[in-house]
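Descriptive analysis of the structure
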Amino acid sequence: KITDGAYENQRYGTRLRDLTVDLTGEGSKLRLVSLSATTPGGGKLGGSGDVDFAGAQAVNVSITMSHARMINAPIGTAITDGALAFKGALGDRVDLTGKVKIVRAEIRIPDRLPVDVEEIPVVEVNASPARAAEIAARDQPPPKSVQIGLAITVDAPEQVFVRGRGLDAELG
C-alpha cells in the first residue's frame, strides 16, 4: 500500500499529490484495488483493475478523471474529465478506450521552436570481428511488440484556447 505519495512528470508537468495506491497480489495476479490522487487545482484521479502476468498476461485497468489537470507545462495546460479503460493481453493486443472531456485547455505557441540536433549516421570501417558481431546484433529487427488499439472519444465543447505568435483563438 502507498499512502501520501507523489508523482511528477517534468516533461508534461503532470503532478499527482495525496497519491494512495492499494495493491494485492496472489500468484501471478496483481490487483489494483484502488488508486486515488489529487492534481493541482483540486482535480481528482482514480483507478482500479488487475493484471495477470501468467499466460497471455491479461490486463483490465480503469482510470477516472474529474477536473484533473493532466498537462501543466510551458507549452500548455489541460484540465480533463473522463474515464479510460486499458484491456487486453499484454503479450498480444491491448485496447485503450473511453471518453475524455477537455474542460479547459490553453495551448501556447512558443516564439521560437527548439533547435533540432541532427543525428549523423556512422559507418565503422575495418571493425574487429567482435565489434562487427556487436554491430550486427544491434541492427537486428526489434522483437515483436504488443499492438495497442485506440478508441478514445475526445470532447472539447469550449474553452480550448490557442495563443501565441499573434494568434488568439478559442476552439470548441
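A brief report on the enclosed structure follows.

Rules of the game
Residues numbered from 1 in each chain as written. Predicted model: local features only at pLDDT ≥ 70, side-chain atom pairs only at ≥ 80, totals over all residues. Heavy atoms only, no water. Pairing = 2+ DSSP bridges. Helix = DSSP H or I, 4+ residues; strand = E, 2+ residues; numbered from the N terminus. Buried < 20%, exposed > 50% of the residue type's maximum accessible area, 1.4 Å probe, protein only. Polar contact = N/O pair within 3.5 Å; in protein donor to acceptor, adjacent residues only side chain to side chain. Contact = heavy atoms within 4.5 Å.

**A closer look at the pairing of strand β3 (residues 29-39)**
Sheet analysis places strand β2 (residues 14-26) next to β3, joined by eight bridges and oriented antiparallel. Residue pairing across strands places T24 opposite R31, the latter belonging to β3. What sits between β2 and β3 in their antiparallel hairpin is a turn of two residues, with G27 showing a positive phi close to 65 degrees. Across nine bridges, β3 lies against strand β4 (residues 43-52) in antiparallel orientation. Across the sheet, residue L30 finds its bridge partner in β4, namely V51. Linking β3 to β4, which pair antiparallel, is a turn of three residues; within it G41 sits at a positive phi near 85 degrees.

**Thoughts on the pairing of strand β9 (residues 160-164)**
Most of β9 sits out of view: four of its five residues are buried. Two elements, strand β7 (residues 93-108) and β9, share four bridges in a ladder whose sense is parallel. Bridge pairing in β9 places I107 opposite V162. Bridge count for β9 against strand β10 (residues 167-171) is five bridges, and the pairing is antiparallel.

**Topic: the side chain of T39**
As for its position among the elements, T39 is in strand β3. Residue T39 is classed as buried on the basis of its relative accessible area, which comes to 4%. Polar side-chain contacts of T39 include one of 3.0 Å to the backbone nitrogen of R69. With residues near it in sequence (within four places) discarded, T39 still touches R15, L16, K44, H67, A68, R69 and M70.

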